[in-house]
Amino acid sequence: QELPSSPALLAHAALRRSAMFLCACCSDDVENDAREAFAKGGVNDLSEGIVDDRRCTDALCIPVFALFQVIFIAVTLAGFVDGDPTMLYKPRDYRGSYCGVARNWNGGPNTEDMPFQSFSMNLSAIVEPAMKQTICSSVAREVLVDGSGGQAPLLSSMDEQMEYLCNCCLIP
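Because the structure is a prediction, the values reported are computed rather than measured.

K.L.:
Hey, could you run me through the nonpolar core in this one?
P.N.:
Burial of nonpolar side chains together is a common tendency in soluble globular proteins. One finds C136, A140, L144, V145, L155, Y164, L165 and C168 forming the largest nonpolar core, which totals eight residues. Mapped by element, the contributors of at least two residues to this core are α4 (138–146) and α5 (158–167). Ranked by residues supplied to this core, first place goes to α4 with three residues. The contacts of L144, once residues within four sequence positions are left out, are P153, L154, L155, Q161 and Y164.

K.L.:
What am I meant to see in the state of the cysteines here?
P.N.:
Tallying each qualifying case throughout the model produces one disulfide. Each disulfide pairs two cysteine sulfurs, and for C136 the partner residue is C168, the sulfurs being separated by 1.9 Å. Its torsion about the S-S bond being -80°, the disulfide of C136 and C168 is classed as left-handed. Remark: C168 occurs in the segment after α5 and C136 occurs in the loop between α3 (123–135) and α4; sequence separation between them is 32 residues. Across the pair, exposure class does not vary: C136 and C168 are buried alike.

K.L.:
Looking at this model, I keep getting lost on the packing of α4 against α5. Mind explaining?
P.N.:
A packed helix pair is summarised by two numbers, namely the angle formed by the two axes and the spacing between the axes. In the contact formed by α4 and α5, the axes pass within 10 Å of each other and the chain directions differ by 160°. Compared by their axis directions, α4 and α5 come out roughly antiparallel. In the crossing of α4 with α5, the sense of the turn from one axis to the other is left-handed. Counting all contacts with α4, which are made through A140, R141, L144 and V145, the residues of α5 involved are Q161, Y164 and L165. Within the contact of α4 with α5, the residues separate by chemical class into five nonpolar, one polar and one charged.

Cut-off values and rules
Residues numbered from 1 in each chain as written. Predicted model: local features only at pLDDT ≥ 70, side-chain atom pairs only at ≥ 80, totals over all residues. Heavy atoms only, no water. Core = buried A, V, L, I, M, F, W, Y, C linked by side-chain atoms within 4.5 Å. Buried < 20%, exposed > 50% of the residue type's maximum accessible area, 1.4 Å probe, protein only. Helix = DSSP H or I, 4+ residues; strand = E, 2+ residues; numbered from the N terminus. Contact = heavy atoms within 4.5 Å. Disulfide = S-S within 2.5 Å. Axes fitted to C-alpha atoms, helices over the stretch in contact; angles between N-to-C directions. Parallel < 35°, antiparallel > 145°, perpendicular 65-115°, else oblique. Left-handed = near helix turned anticlockwise from the far one by under 90°. Nonpolar A, V, L, I, M, F, W, Y, C, P; charged D, E, K, R; others polar.

Rendered as structure tokens:
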């Protein structure tokens, strides 16, 4: 028989040999133990059907289960009394206010007449400061007005340059 050449094939062959050795040495013992465990007249004799001395082993779990069911029902009823179950499926806006609900959480707006209205964020208020810092930075001024690395400025006319400087509050 030709021997395997790659390390992966060598490892696989070694694993198969060790597995065959383990199974060959103990397989008879395992089968005998299994036969003896359920043999006629043994401790687990099943030759005449189900064991006669059966009993309820979970008797202590039944009251605990019933107690948890009562607690579950109480919590559910308290949720219906104090809360609004429609808030489980109503749509929400970006602030968390429910659409089509008279009383929103945390003192939110009354949206009872707006079942499908959505509110969008004012992106100008969020993006404008970051963009102004980027456009009005010293690097942008160098490229747009002064010229960079021997290159001509990108804003070619004096009016464009003055408007840029004024908008960035770099000149009065």
